[in-house]
Structure formats: structure tokens, C-alpha cells
Amino acid sequence: MCRFLAYLGPDVSLESLLLAPPWSLLRQSYEPRFMKRGRVNADGFGAGWYDFGVREEPALYRRATPIWSDRTFASIAGLAHSGAILAAVRNATAPSPTEESNTPPYASGRWLFAHNGEVTGFTSAGRGLLLQAISDRRAAEIGGSADSEVLFAMVLDRIDAGAAPAAALSGVVGADMGSTGGRLNMVITDGHTIASTACGDSLYVQGEAPGVVVASEPYDDRAGWGQVPDGSVVEATEHRELRIGRMSR
């Protein structure tokens, strides 16, 4: 379906994190090792990164083409540095078309979000059912037709109401699994914290690097990678704190 990677730590280049490792997101776009559905992630890609010396909101680069075909991104990735990055490669879920508005990560204010999986039965009726539970403010921000962006709006509504990111993700998993179901590996960051769910697909953490990584699958074979059990929620901070617990729905 998709592969994502979230990083918090010392400044690194986008190239060193997303393109250069032996099993980078670039390679995962055409040769994923642990993806449970689909074979390639060629329906777009994106990267968001933060520079808090300039602003709270992240920069965002998205394209509806395979990551391996974008020479512009390859040329800038070695010069763009950040200590907070969220990136993803996409395998589109029908009927959502391949276009930039449906490409992760999604951004709203200081938040970045990505989703690996699918909402079961995401037809017009299924989409309408979920939209009924979303505030007018967040519904108005939805620019594409993907189930992922609807999930993002549901998460943001919970954060707006005072929920912590991990609790907001868990709440959306509970609401969706109780109505439509699906596979809901989600990740959200504000550049200071990361929260992510393991629900139906692979999720790994790396806490022994200079920073903390939460990713759909390891980008190298060094020690320190740990698989997150299905039904879990991950919380990580810029101070390299990492917690894994069961989702409370």
C-alpha cells in the first residue's frame, strides 16, 4: 500500500535518510521487503521537513510520480537538512487516483501525517460515513479523494479537542474499526514528537541511532531495529524517548 519513515534527531540530509541507505525509501518504492499488500510503491512520493529557525510549519515536497524518476528531488535532497522529517512512497488504493493531492505526507499547520493501509469499503458511501464524523473546519481542508486524508482530518479533530497525538490516532483506529474496518498504520508528527500505530501492516522502530526512527520497514540491516507488535501505538520525542504500548480504543 505505502511505506513511510519518520525521523527525529540531529540534522541529516534528506539524501542520507531517504535515498542513500541500502534499503531506503527509494528502494522500497520498487523492492519493499515487508509490505503485506502490493508489490511496488510507484504512485507518488513526498517528504516534509522542519526548520524551526524559520517557521513552525514544515516544508512539503510531493509528486504523483515514482521517487526514482524525480531528478529534481534527487538534486536537492543532498542539500536539504533537518532534524525532523516525515516521508512516504505511495501505492494507490482504488478508487483513489494517482495525483499530487492524494500523495503523502499530508500537512496542516504544524502537523505532517501519512498512512499505510486502507479503509475497507472506501466508496462514496463509505467516505460519506466518515465525513459525517468530521468537523466542518477539518473537512474543508481535505483537498483530495484518498482515505488517508480523511483519517488525517479525524485525527486532527481529536487533537483540536485536546487529545495527545497517540491518543488521537488510537481513537481513530477504534472509530474506524468499529464502523468500516481496514488496515490503519498511521504516523503523525509536529517535528518535536512522533506518534504511530501498527494496525494491519509492518512497523519498525530504531532507537539506537543518533536519532529516533519510526518506519514501515528498516532502511538498513544494522542492529537496533525492532518490530512493533500489531495493535500497538508508538510515541517518540526529539529527546530520543521511545515508548510502545497497546492501543486504547
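Up top is the structure.
Residues numbered from 1 in each chain as written. Predicted model: local features only at pLDDT ≥ 70, side-chain atom pairs only at ≥ 80, totals over all residues. Heavy atoms only, no water.

Caption draft 1: Here's a closer look at the overall build of the protein. A tally of regular secondary structure across the protein gives seven helices and 13 strands. Whereas a compact globule of 249 residues would reach a radius of gyration of roughly 18 Å, the protein reaches 16 Å, a difference of no more than 12%. For the protein, the C-alpha atoms occupy an extent of roughly 45 × 35 × 35 Å along the three principal directions. Sorting the 249 residues of the protein into buried and exposed places 55% on the buried side. A fraction of 66% describes how many contacts in the protein between residues 6 or more apart in sequence connect residues 24 or more apart. About 10000 Å² of surface is accessible on the protein, with carbon and sulfur atoms providing 50% of the total. A gap of 4 Å separates the mean positions of the 22 positive and 28 negative side-chain charges of the protein. (Helix = DSSP H or I, 4+ residues; strand = E, 2+ residues; numbered from the N terminus. Rg over C-alpha atoms; globule rule 2.2 N^0.38 Å. Buried < 20%, exposed > 50% of the residue type's maximum accessible area, 1.4 Å probe, protein only. Contact = heavy atoms within 4.5 Å. Areas by Shrake-Rupley, 256 points an atom, 1.4 Å probe, with all protein chains shown as cover. Lys, Arg positive; Asp, Glu negative; His and termini not counted. Charge placed at Lys NZ, Arg CZ, Asp CG, Glu CD.)

Caption draft 2: Quick look at the packing of aromatic side chains. For the structure shown, the criterion picks out eight aromatic pairs. Judged by centre distance (5.4 Å) and plane angle (40°), the rings of phenylalanine 34 and tyrosine 204 are tilted. Placement of phenylalanine 34 in the loop between helix H2 (25–28) and strand E2 (45–49) and of tyrosine 204 in strand E9 (residues 204–206) is noted, with a sequence separation of 170 residues between them. Judged by relative accessible area, which is 32%, phenylalanine 34 ranks as partly exposed. Ring centres 5.2 Å apart and planes at 85° place the aromatic pair tyrosine 219 and tryptophan 225 in the edge-to-face group. What links up through ring pairs into an aromatic cluster is the set Phe45, Tyr61 and Phe73. Of note, arginine 27 hangs over the ring of tryptophan 23, and the distance from its end group to the ring centre comes to 3.6 Å. The ring centre of tyrosine 61 lies 4.4 Å from the NZ or CZ of arginine 63, which sits over that ring. (Phe/Tyr/Trp six-rings, centres within 6.5 Å; stacked < 30°, edge-to-face > 60°. Lys NZ or Arg CZ within 6 Å of the ring centre and 35° of its normal.)

Caption draft 3: A look at the side chain of asparagine 102. With respect to the helices and strands, the residue asparagine 102 is situated in the loop between strand E4 (81–90) and strand E5 (106–108). Beyond its immediate stretch of four places on either side in the chain, asparagine 102 contacts Arg90, Ser96, Pro97, Gly144, Ser145 and Ala146.

Caption draft 4: Looking closely at the pairing of strand E7 (residues 182–189). Burial within E7 is extensive, with eight of its eight residues counted as buried. Connecting the antiparallel pair E7 and strand E8 (residues 193–198) is a turn made up of three residues, with glycine 191 showing a positive phi of about 90°. (Pairing = 2+ DSSP bridges.)

Caption draft 5: Representation of the side chain of histidine 115. On the secondary structure map, histidine 115 appears in strand E6 (residues 111–119). A distance of 2.9 Å separates a polar atom in the side chain of histidine 115 from a polar atom in the side chain of serine 148. Here arginine 183 takes part through its backbone oxygen, which lies 3.1 Å from a polar atom of the side chain of histidine 115. Filtering out sequence-adjacent residues up to four positions away, histidine 115 remains in contact with Cys2, Phe4, Asp147, Ser148, Leu151, Arg183, Leu184, Asn185 and Met186. (Polar contact = N/O pair within 3.5 Å; in protein donor to acceptor, adjacent residues only side chain to side chain.)

Caption draft 6: Expanded view of the sheet that holds strand E3 (residues 59–63). Taken in spatial order, the seven strands line up as E3-E2-E4-E1-E10-E9-E11 in an open sheet, and their pairing is antiparallel. Where the open sheet ends on each side, the last strands, each with one partner, are E3 and strand E11 (225–227). On average, adjacent strands in this sheet sit at an angle of 15° to one another, irrespective of strand direction. Taken together, the five bridges between E2 and E3 define a ladder with antiparallel strand orientation. Within the sheet, the bridge partner assigned to glycine 46 lies in E3 and is arginine 62. (Axes fitted to C-alpha atoms, helices over the stretch in contact; angles between N-to-C directions.)

Caption draft 7: Focus on a nonpolar patch on the surface. Together, Tyr30, Val40 and Trp68 line one region of the surface with nonpolar side chains, adding up to about 310 Å² of accessible area. Inspection of the secondary structure assignment puts tyrosine 30 in the loop between H2 and E2. Classification of tyrosine 30 by relative accessible area gives partly exposed; the value is 43%. (Patch = residues over 30% accessible without salt bridge, like charges linked within 9 Å, V, L, I, M, F, W, Y side chains within 5 Å. Salt bridge = Lys/Arg side-chain N within 4 Å of Asp/Glu carboxyl O.)

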